[in-house]
Amino acid sequence: MLTKRIIPCLDIKEGRTVKGINFKNLVDAGDPVELASYYSDQGADELVFLDISATAEKRKTFAALVRKIAQKINIPFTVGGGIASVAEARTLLLAGADKISINSAAIRNPTLIKELSEAFGGQCVVVAIDAKKVDDTWRVYSVGGAKPTSLNLFTWAKEVVKLGAGEILFTSMDNDGTKQGFANKALLQLSKTVNVPIIASGGAGEIAHFTETFRTSGADAALAASVFHFNQITIPQLKKELHTQGIAIRKTP
Amino acid sequence: MSQQVVIIDYGAGNIQSVQFALERLGVKAQLTSDATQIAKADKVIFPGVGHATPALKALQEKGLDTLIPTLTQPVLGICLGMQLMCNYLEENNANGLGIFSVDVRKFLATQKVPHMGWNKIDNAQGALFKEAPSDAYLYFVHSYFANIGESTIAETNYGIPFSAALQKANFYGCQFHPEKSGDAGEQILRNFLTINLITINH
């Protein structure tokens with residue numbers, strides 16, 4: 001049976017992990033390669049790296065980093081952050097990334113999804129969507145949630161899948177940072193709207209939130225950052241509990 | 001004795017990951033599309049992700065579609081590589097290399113497509129799965145699948161059972177990505193590297 005995936009997300013700036021990631025047993029938690037390796041050993045099913053460097057020059061650092069990560073870890077990983085062309089995507093895929101995630105660039109230029117899917121196959125094209133509820137409709141935001149668009153979450157999701165996206169990473173801005181659980185109702189509706197895997201993001205605060213989203217929302221994977229980075233939830237502990245709760249999960253040492 | 005391992009480089013992506021995985025096992029594999037070099041290698045890895053149509057075209061342009069079925073050393077097709085080694089490909093309504101006599105079909109829309117993530121294999125048999133834990137989870141990402149046939153050496157279920165791995169004589173294929181399947185995947189790659197023809201001929 002296909003198992004639900006647990007995905008830690010790492011923000012990268014100028015080749016280093018951002019935020020005060022705090023692990024006693026890591027020599028350098030700011031080193032993305034070391035942290036990736038740590039999460040992989042812990043039983044993460046996949047990793048996401050988001051490059052939040054501002055300039056193209058700094059993104060070169062990112063490609064070099066992607067290569068180092070691919071050399072080191074033996075689980076799949078997705079990279080994203082400012083990818084706006086087939087050429088940029090190619091550089092990162094050739095460096096060893098398995099999937100690329102696009103967000104604002106897809107909103108600006110939806111054809112990019114089609115181009116990427118045709119060039120590399122839809123299986124490596126993840127479209128990330130940030131949305132929040134405005135007057136009872138789920139409104140899509142771009143530029144890291146800063147700019148409202150006229151798009152509705154569900155119609156946009158349908159559109160990106162039609163253009164060739166192989167997976168959707170949906171972040172509920174209403175839930176993000178609240179630690180009150182994932183946006184399960186919206187996730188369920190998304191699952192009924194499109195036929196590609198969906199990653200739930202935003203709101204993870206405790207183990208029960210993961211159990212709940214996998215039970216009720218149709219999500220195929222759950223992504224979180226701070227609960228893992230600050231050791232509030234460890235992956236072995238999370239997976240053990242999910243397994244006990246009857247959720248299909250990859251058992252790891 | 002060190003052996004010569006080549007990864008067929010025909011522009012179908014993902015080769016870097018396979019090369020890195022082999023490096024982690026201490027093997028320096030060569031990327032090549034050169035027929036002579038491929039023919040004389042001890043082990044051949046035939047990777048691939050993406051669409052079948054451009055991949056088949058690239059193989060044909062390099063004359064690899066006729067070379068691969070004639071190879072006599074252990075050959076491992078991964079994901080799209082494995083699918084291309086099958087009979088018929090529904091994706092482009094074309095014939096594959098015809099090594100494994102099974103057809104490749106698209107998953108029905110009753111399941112989310114692609115089949116993406118970690119899934120279990122059943123009925124795994126043969127040298128490829130030696131010492132791999134019987135309840136191993138492996139990483140899959142594909143929208144098309146190979147039917148079960150006489151060459152099936154491992155099965156996986158995603159709505160329907162399909163071939164997770166195939167073998168016919170010196171030809172091996174796996175639908176999952178051993179290079180991305182954690183320790184279990186590493187063991188499978190290690191197994192492939194230690195297969196020798198004496199084992200096969202038995």
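Refer to the structure presented above.
For the structure given in this document, a descriptive report is provided here. (Residues numbered from 1 in each chain as written. Chains lettered and ligands numbered in written order. Predicted model: local features only at pLDDT ≥ 70, side-chain atom pairs only at ≥ 80, totals over all residues. Heavy atoms only, no water.)

## Remarks on the interface of chain A and chain B
Stated formally: Every residue pair with non-hydrogen atoms within 4.5 Å of one another is taken to be in contact. Buried area adds together the accessible area that both of two parts lose upon being put together, with accessible area traced by a 1.4 Å probe. Any carboxyl oxygen of Asp or Glu that lies within 4 Å of a side-chain nitrogen of Lys or Arg is treated as forming a salt bridge with it. Think of a polar contact as two N or O atoms within 3.5 Å of one another; within protein, one of them needs to be a possible hydrogen donor and the other a possible acceptor, and neighboring residues in sequence only count if both atoms come from side chains.
Facing the 37 residues of chain A at the interface are 31 residues of chain B. Interface area for chain A against chain B, summed over the two sides, is near 2,700 Å², with a carbon-plus-sulfur share of 52%. Taken together, chain A and chain B are joined by two salt bridges. Of the charged contacts in the structure, one is a salt bridge between Lys 112 of chain B and Asp 220 of chain A, with a shortest N-O distance of 2.6 Å. At the boundary of chain A with chain B, the tally comes to 19 residue pairs in polar contact (both at pLDDT 80 or more).

## Considering the pattern of salt bridges
A pair can form between side chains of opposite charge whenever their charged atoms are brought close. Residue and element names in this part refer to chain B. In plain terms, the rule: A helix here means a DSSP run of H or I that spans at least four residues, while a strand means a run of E at least two residues long, and both kinds are numbered starting from the N terminus. Under the scheme applied here, a residue whose accessible area is under 20% of the maximum for its type counts as buried, over 50% as exposed, and between as partly exposed, the area being computed with a 1.4 Å probe on protein chains only.
Evaluated as defined, the whole model comprises 14 salt bridges over all chains. Across the pair Glu 186 and Arg 24 runs a salt bridge whose closest N-O atoms are separated by 3.6 Å. Placement of Glu 186 in helix H6 (residues 182–194) and of Arg 24 in helix H1 (residues 15–24) is noted, with a sequence separation of 162 residues between them. For Arg 24, a relative accessible area of 25% puts it in the partly exposed group.

## Quick look at the nonpolar core
What counts here: Residues belong to one nonpolar core when they are buried, are Ala, Val, Leu, Ile, Met, Phe, Trp, Tyr or Cys, and are joined through side-chain atoms within 4.5 Å.
One finds Phe 49, Phe 77, Ile 113, Ile 168, Phe 170, Phe 210 and Phe 228 of chain A to be the most contacted residues of the largest nonpolar core, which totals 83 residues. If we skip the residues at most four places from it in the chain, Phe 210 of chain A touches Ile 6, Phe 182, Ala 204, Ala 222, Ala 224, Phe 228, Ile 233, Leu 238 and Leu 242 of chain A.

## Some points on the environment of Gln 245 of chain A
All names here are of chain A. Along the chain, Gln 245 falls in the segment after helix H10 (235–244). A sequence separation of 127 residues divides Gln 245 from Glu 118, and the C-alpha atoms of the two residues are 40 Å apart. When neighbours within four sequence positions are excluded, Gln 245 is seen to be in contact with Thr 211 and Arg 215. Here Glu 241 takes part through its side chain, which lies 2.9 Å from a polar atom of the side chain of Gln 245.

## Structural notes on the packing of aromatic side chains
Let me state the cut-off plainly: In this scheme Phe, Tyr and Trp rings, the latter by its six-membered ring, pair at centre separations within 6.5 Å, and the angle between planes marks the pair as stacked below 30 degrees, edge-to-face above 60, and tilted otherwise. Only when the NZ atom of a Lys or the CZ atom of an Arg is both within 6 Å of the ring centre and within 35 degrees of the ring normal do we say a charge sits over the ring.
Applying the stated criterion across every chain yields a total of 16 aromatic pairs over all chains. Between Phe 129 of chain B and Phe 176 of chain B the ring centres are 6.4 Å apart and the planes differ by 55°, which places this aromatic pair in the tilted class. Of this pair, Phe 129 of chain B sits in the loop between strand S8 (115–120) and strand S9 (137–142) while Phe 176 of chain B sits in the loop between strand S13 (171–174) and H6, placing them 47 residues apart in sequence. Considered together, Phe 129 of chain B and Phe 176 of chain B belong to a single accessibility category, that of buried residues. When the ring centre of Trp 118 of chain B is taken as origin, the NZ or CZ atom of Arg 250 of chain A, which lies over that ring, is 3.6 Å away.

## Quick word on the sheet that holds strand S12 (residues 160–168) of chain B
All names here are of chain B. For clarity, the cut-off: The pairing criterion for strands is at least two bridges between them, as found by DSSP. In this analysis an axis means a line fitted to C-alpha atoms, helices contributing only their contacting stretch, and an angle means the value between N-to-C directions, from 0 to 180 degrees.
Spatially, S2-S1-S3-S4-S13-S12-S11 is the arrangement adopted by the seven strands of the open sheet, whose pairing is mixed. Of all strands in the sheet, those bounded by a partner on one side alone are strand S2 (30–32) and strand S11 (152–158). Neighbouring strand axes in the sheet, compared pairwise and without regard to direction, differ in orientation by 25° on average. Sheet analysis places strand S1 (residues 5–8) next to strand S3 (residues 43–46), joined by three bridges and oriented parallel. Its bridge partner lying in S3, Ile 7 is registered against Ile 45. Along the sheet face, H1 touches S1, S2, S3 and strand S4 (75–78) and points at about 165° away from the line of S1. Where H6 meets the sheet, it contacts S1, S3, S4 and S13, and its direction lies at approximately 140° from that of S3.

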